[in-house]
Amino acid sequence: MLEKMQSKNIVNSKMKIQTETLDMFPIPLVKMNLGKKFKKEFDSLKKEEEHPSDRNMGSTHHFSTNKYILNDPRFINLKNFICEQTTKFIRNKMNVDGECLLTQSWVNWNYPNEHTQQHIHPNSIASGVLYLEATDSNNVIVFHKLYAQTTRNFIDPKPFNPANPDREKKYTDSTMPINLKNGDFIIFPSYLPHSVPPNRSNQKRISLAYNSLTKHKCGSYGRITEIDYKILAENS
């Protein structure tokens, strides 16, 4: 009997145990490339009037003078496409009912050595960036981990030297750079911090950005989180 038990223990010690890593609380970001689908609109947007950013904001890039640029009738097809994609994002990825309502939209110019400091987009549910003209290199937008300072490891992670493929940096990195090219379009939650590093090329980088809410109302009447624009307007 004892011999049988010992034999069973040996078999168990050789069993292969499968492990699974769960990514908890992931944050969605959708990326697609529009190619030359809206070439005429891209060309017009790149010619819009621009002005330098307020240096008190900490950024050095340029903005379009018109901060509701997608309300221009010339861009109605592009606006409708962006609304359609953003509606899918807020419904399917953020679980928010309603149809996208674009609020402000503007063009950014990052000339050589210009940057955009880390920021979020207040008073907005989902935001997006569309690259109208990318440089040959260094086309990066950097997203920052929420609460990075309060969720740091108790033991500070060090660079892997030599590189170890079994170690997954995505669980300790506080930033995630995303490389973009001409026609790339990304949509993300407006609360997600992001920045654009200095443009180290000798070319300008041009992008379209926007914010959004939902049409008519958002939130829940029963949970006392509702914002109904019609009721607000009637009682203001």
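That block above? That's the structure.
Residues numbered from 1 in each chain as written. Predicted model: local features only at pLDDT ≥ 70, side-chain atom pairs only at ≥ 80, totals over all residues. Heavy atoms only, no water.

### Quick notes on the overall build of the protein
Reasoning step 1: What the protein contains, in helices and strands, is 4 helices and 13 strands.
Reasoning step 2: Per-residue burial over the protein gives 36% buried out of 236 residues.
Reasoning step 3: Sequence-distant contacts, at least 24 apart, represent 82% of the contacts inside the protein between residues at least 6 apart.
Reasoning step 4: With an accessible surface of roughly 15900 Å², the protein has 53% of that area assigned to carbon and sulfur atoms. (Helix = DSSP H or I, 4+ residues; strand = E, 2+ residues; numbered from the N terminus. Buried < 20%, exposed > 50% of the residue type's maximum accessible area, 1.4 Å probe, protein only. Contact = heavy atoms within 4.5 Å. Areas by Shrake-Rupley, 256 points an atom, 1.4 Å probe, with all protein chains shown as cover.)

### Points about the pattern of salt bridges
Reasoning step 1: Under the defined criterion, the tally for this structure stands at 9 salt bridges.
Reasoning step 2: For glutamate 48, the salt bridge identified is with arginine 74, shortest N-O distance 2.7 Å. Pair noted here: glutamate 48 is in the loop between helix H2 (39-45) and strand S2 (50-52) and arginine 74 is in the loop between strand S3 (62-64) and helix H3 (76-92), with a separation of 26 residues, a long-range link.
Reasoning step 3: Each member of the salt-bridge network shares a partner with another, and the members are Lys39, Asp43, Lys46 and Glu133. (Salt bridge = Lys/Arg side-chain N within 4 Å of Asp/Glu carboxyl O.)

### Overview of the nonpolar core
Reasoning step 1: One finds Phe185 and Leu208 to be the most contacted residues of the largest nonpolar core, which totals 27 residues.
Reasoning step 2: Among the elements of the structure, H2, H3, strand S4 (100-110), strand S6 (126-133), strand S9 (184-189) and strand S11 (205-214) are those that each provide at least two residues to this core.
Reasoning step 3: If one sorts the elements of this core by residue count, H3 sits on top with 6 residues.
Reasoning step 4: Counting residues in each nonpolar core, the second largest holds 14 residues, with Ala134, Ile141, Ile178 and Ala209 among its members. (Core = buried A, V, L, I, M, F, W, Y, C linked by side-chain atoms within 4.5 Å.)

### A closer look at unusual backbone geometry
Reasoning step 1: The backbone of phenylalanine 25 shows a phi angle near 55°, a positive value even though the residue is not glycine.
Reasoning step 2: With respect to the helices and strands, phenylalanine 25 occurs in the loop between helix H1 (2-13) and strand S1 (30-33).
Reasoning step 3: A relative accessible area of 72% means that phenylalanine 25 is categorised as exposed.
Reasoning step 4: Residue asparagine 95 is not a glycine yet carries a positive backbone phi of 60°.
Reasoning step 5: One can find asparagine 95 in the loop between H3 and S4.

### A few points about the sheet that holds strand S10 (residues 194-196)
Reasoning step 1: Overall, antiparallel pairing links the 4 strands, which are arranged S5-S10-S7-S8 in an open sheet. Each having just a single partner strand, strand S5 (116-119) and strand S8 (175-179) make up the two edges of the open sheet. Across the sheet, the mean angle from the axis of one strand to that of its neighbour is 20°, orientation sign disregarded.
Reasoning step 2: Direction of pairing for strand S7 (residues 140-144) relative to S8: antiparallel, over a ladder of 5 bridges. (Pairing = 2+ DSSP bridges. Axes fitted to C-alpha atoms, helices over the stretch in contact; angles between N-to-C directions.)

### Some points on the packing of aromatic side chains
Reasoning step 1: Taken as a whole, this structure holds 4 aromatic pairs when the rule is applied.
Reasoning step 2: Each ring, one from phenylalanine 143 and one from phenylalanine 188, has its centre 5.1 Å from the other, and the planes form 75°; the classification is edge-to-face. With phenylalanine 143 in strand S7 and phenylalanine 188 in strand S9, the pair connects residues that are 45 residues apart, well separated along the chain. The burial state of phenylalanine 143 is the same as that of phenylalanine 188; both residues are buried.
Reasoning step 3: A ring pair is formed by phenylalanine 185 and tyrosine 210, whose centres lie 6.3 Å apart and whose planes are at 45°; its orientation type is tilted. Here phenylalanine 185 is found in strand S9, whereas its partner tyrosine 210 is found in strand S11, with 25 residues between them in sequence.
Reasoning step 4: Of the aromatic side chains, those joined through ring pairs into one cluster are Phe38, Phe81, Phe185 and Tyr210. (Phe/Tyr/Trp six-rings, centres within 6.5 Å; stacked < 30°, edge-to-face > 60°.)

The values are spatial; any link to function lies outside them.
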